Amino acid sequence: MVLEGNPEVGSPRTSGLRHPGSKSCCVLSSPVEDAQPGEEPLKYGELIVLGYNGCLASGDKGRRRSRLALSRRPHANGVKPDVMHHISTPLVSKALSNRGQHSISYTLSRSHSVIVEYTQDSDTDMFQIGRSTENMIDFVVTDTSPGGGAGEGPSAQSTISRYACRILCDRRPPYTARIYAAGFDASSNIFLGERAAKWRTPDGLMDGLTTNGVLVMHPAGGFSEDSAPGVWREISVCGNVYTLRDSRSAQQRGKLVENESNVLQDGSLIDLCGATLLWRTPAGLLRAPTLKQLEAQRQEANAARPQCPVGLSTLAFPSPARGRTAPDKQQPWVYVRCGHVHGYHGWGCRRGRGPQARECPLCRLVGPYVPLWLGQEAGLCLDPGPPSHAFAPCGHVCSEKTARYWAQTPLPHGTHAFHAACPFCGAWLTGEHGCVRLIFQGPLD
């Protein structure tokens, strides 16, 4: 593309510049063999939205779903930075008019903009995530409300960007996935306005942040039984890593973290300011429990015939096919402060302590009394351990290590707040530990 009347355009000084955050910008390699007819395409990984427990309330449909697999495309569609142009604002519309040319526009002032053109990269596949339902968005994500995703529909108050972020996956082993803030719109452009946080890097290139930012947290020790939460960082438009801003939309960027990268790891969390996504690698998913294993654990728990220690009725976890509707007569309930499991009963209410405040008849502790529901999104589990712990106060059940990991993982909320939340429904966790060990009463002989 040539912009007439601008002597700087395409000059030797600016042509061929590459952004340091785009590590996929390397010498072109030989084409990768595509999957044969009838053969499953290679999977780079999966994105799981926290708070939906396996399926959106309205059902997973097309690009709007609770979980999406990123697989190698038939033909590479990745892009990489190529040429930088310094132009005057009247020429911006001309520079952005070519829909086949990807570009990022940085507006520095009313009379000065910098446009970085991107060129096709046959070594990478690009996947875009955002609130927009336009065709260039591969994964449509809407706001998740604490307690079950009631806000999954379109919202005028949404804080998720229409073109929130993009992930570039290498088509060659080891199939590295990298995340970048912002996605290209229908005109193949990313536009950072005059008020957006942007700056010139020491090597003369440009970089910037989106309005509400894209935050990433890589777990320490991977996503396994020994995992521990990492540190939240912000990812720039060019894929560089920065410490968090003072508030989510502050114009002053954080400090560059030079020893960290935008490469996604198994268990990496991506926060889009309204929804949080978990990245799972194919190797990590092999370690996670399967739906068959979760169902076997449910049947095994029910086969033990746990009983209500007061009413002596037999308790049973409901089938996932029934969904989270009104609890049935056999539904196990728990006092989340002590972990004693009962059947439903109407006594023990304590006035003035909230509608859920009940006194446990076994230990006399007063606290929420809620039905137990099995966590059904296997990708959120760190291990295939037995369902022994429940999150407080929502009552979702999973293994001990899974419960303890999520209970100590702060998730972004609002402009500068963090809360631990149940990964299955998004409810904020309460109590000293955020979860409780379940104490069942076995049948009397």
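Numbers given to residues run from 1 along each chain, matching the order in which its sequence is written. This being a predicted model, a pLDDT of at least 70 is required before a residue's local features are given, and a value of 80 or more before pairs of side-chain atoms are given or counted; all residues contribute to the totals for chains, interfaces and linings. Computation of side-chain values: all heavy atoms of the structure, hydrogens and water removed.

(A) Here's a closer look at the sheet that holds strand β21 (residues 366-371). Paired strands, as defined in this entry, are two strands with at least two bridges between them according to DSSP. For helices the rule is a DSSP run of H or I covering at least 4 residues; for strands it is a run of E covering at least 2, with both sets numbered from the N terminus onward. In spatial order, the strands read β19-β18-β21-β20; together these four strands make up an open sheet with antiparallel pairing. The open sheet is flanked by β19 (341-342) and β20 (357-359), the only strands paired with a single partner. Both strand β18 (residues 333-335) and β21 contribute to a ladder of three bridges, which runs antiparallel. Along β21, the bridge assignment pairs W333 with P371.

(B) Looking closely at the environment of A228. Assignment of secondary structure puts A228 in the loop between β13 (214-217) and β14 (232-235). Here's how the labels work: a residue is buried when its accessible area is under 20% of the maximum for its type, exposed when over 50%, partly exposed in between, all with a 1.4 Å probe on protein chains only. With a relative accessible area of 30%, A228 lands in the partly exposed category. It is 9.6 Å that separates the C-alpha atoms of A228 and R404, two residues lying 176 residues apart in sequence. Only heavy atoms matter for contacts: two residues are in contact if any of them lie within 4.5 Å across the pair. The contact partners of A228, leaving out residues within four places of it in the chain, are P219, A220 and Y405.

(C) Main features of the nonpolar core. Judged by nonpolar contacts, the single largest core of 30 residues is most densely connected at I167, I270 and L277. Elements with a minimum of two residues in this core: β1 (43-49), β2 (67-71), β6 (124-130), β8 (165-170), β9 (177-181), β13 and β17 (276-280). The contacts of I270, once residues within four sequence positions are left out, are L47, I167, I179, V214, L215, V216, L264, A275, T276 and L277. Core analysis: the next-biggest nonpolar cluster, separate from the first, contains 27 residues, M217, L269, C381 and F424 among them. Among the buried residues, those of types Ala, Val, Leu, Ile, Met, Phe, Trp, Tyr and Cys that are joined through side-chain atoms within 4.5 Å form a nonpolar core.

(D) Focus on helix α3 (residues 291-303). Taking 1.5 Å as the rise per residue, α3 with 13 residues should run 18 Å; its terminal C-alpha atoms sit 18 Å apart, in good agreement. Among the residues of α3, L294, Q297, R298 and N302 are the ones counted as buried. Axial view of α3: buried residues confined to an arc of 130 degrees, hence all on one face. Residues of α3 that are exposed and point more than 90 degrees away from the buried face comprise K292, E300 and A303. Looking at the packing, one finds that the buried side of α3 touches β22 (373-374). Remark: R305 follows α3 within two positions and exhibits a positive phi of approximately 50 degrees. Expected helix span is taken as 1.5 Å per residue step, with the number of steps being one fewer than the number of residues. Arc, as used here, means the arc of the directions from the helix axis to the C-beta atoms.

(E) Structural context of the sheet that holds β13. With antiparallel pairing, the seven strands of this open sheet are ordered in space as β2-β1-β17-β16-β13-β14-β15. Two strands bound the open sheet, and with one partner strand each, they are β2 and β15 (241-242). Across three bridges, strand β16 (residues 269-271) lies against β17 in antiparallel orientation. Paired with D271 across the two strands is T276, which belongs to β17.

(F) Quick look at the pattern of salt bridges. Should a side-chain nitrogen of Lys or Arg be within 4 Å of a carboxyl oxygen of Asp or Glu, the pair is scored as a salt bridge. Counting across every chain of the model gives 15 salt bridges. Residues R280 and D266 are paired through a salt bridge, measuring 2.7 Å at the closest nitrogen-oxygen approach. Residue R280 is located in strand β17, and its partner D266 is located in the loop between β15 and β16; the two are separated by 14 residues in the primary sequence. Accessibility classification places R280 together with D266 in one group, the buried group. Shared partners join several salt bridges into a network, and the residues in it are K43, E46, R67 and E377.

(G) Representation of the confidence of the model for the protein in the model. Per-residue confidence for the protein averages 84 on the pLDDT scale, and 83% of its residues sit at or above 70. Below pLDDT 50 for its whole length, residues 1-33 participates in 76 contacts with residues either more than four positions away or in separate chains. Per-residue confidence from the predictor is reported as pLDDT, which spans 0 to 100. Counting contacts from residues 149-155, a segment whose pLDDT is below 50, to residues more than four positions away or on other chains yields 16 contacts.

(H) A look at the pairing of strand β4 (residues 103-109). A large share of β4 lies buried, amounting to five of its seven residues. Across six bridges, β4 lies against strand β5 (residues 112-121) in antiparallel orientation. Each bridged residue has a counterpart across the sheet, and for Y106 the counterpart in β5 is V114. Following β4, the chain reverses through two residues before pairing antiparallel with β5. Relative to strand β10 (residues 189-192), β4 runs parallel, the two being bridged by four bridges.

(I) Focus on the side chain of Q101. Relative to the elements of secondary structure, Q101 occurs in the loop between α1 (92-95) and β4. Here a polar contact means two N or O atoms within 3.5 Å. Within protein one must be a hydrogen donor candidate and the other an acceptor candidate, and residues neighboring in sequence count only if both atoms are side-chain atoms. A distance of 2.5 Å separates the side chain of Q101 from the backbone oxygen of Y118, its partner in a polar contact. Excluding anything up to four places from it in sequence, Q101 contacts E117, Y118, S187, S188 and N189.

(J) Geometry of the side chain of S132. Its place among the elements puts S132 in the loop between β6 and β7 (139-140). Only 3.0 Å separates the side chain of S132 from the backbone nitrogen of E134, close enough to count as a polar contact. Residue contacts for S132: discarding those within four places in its chain leaves I137, V140, R162 and Y163.

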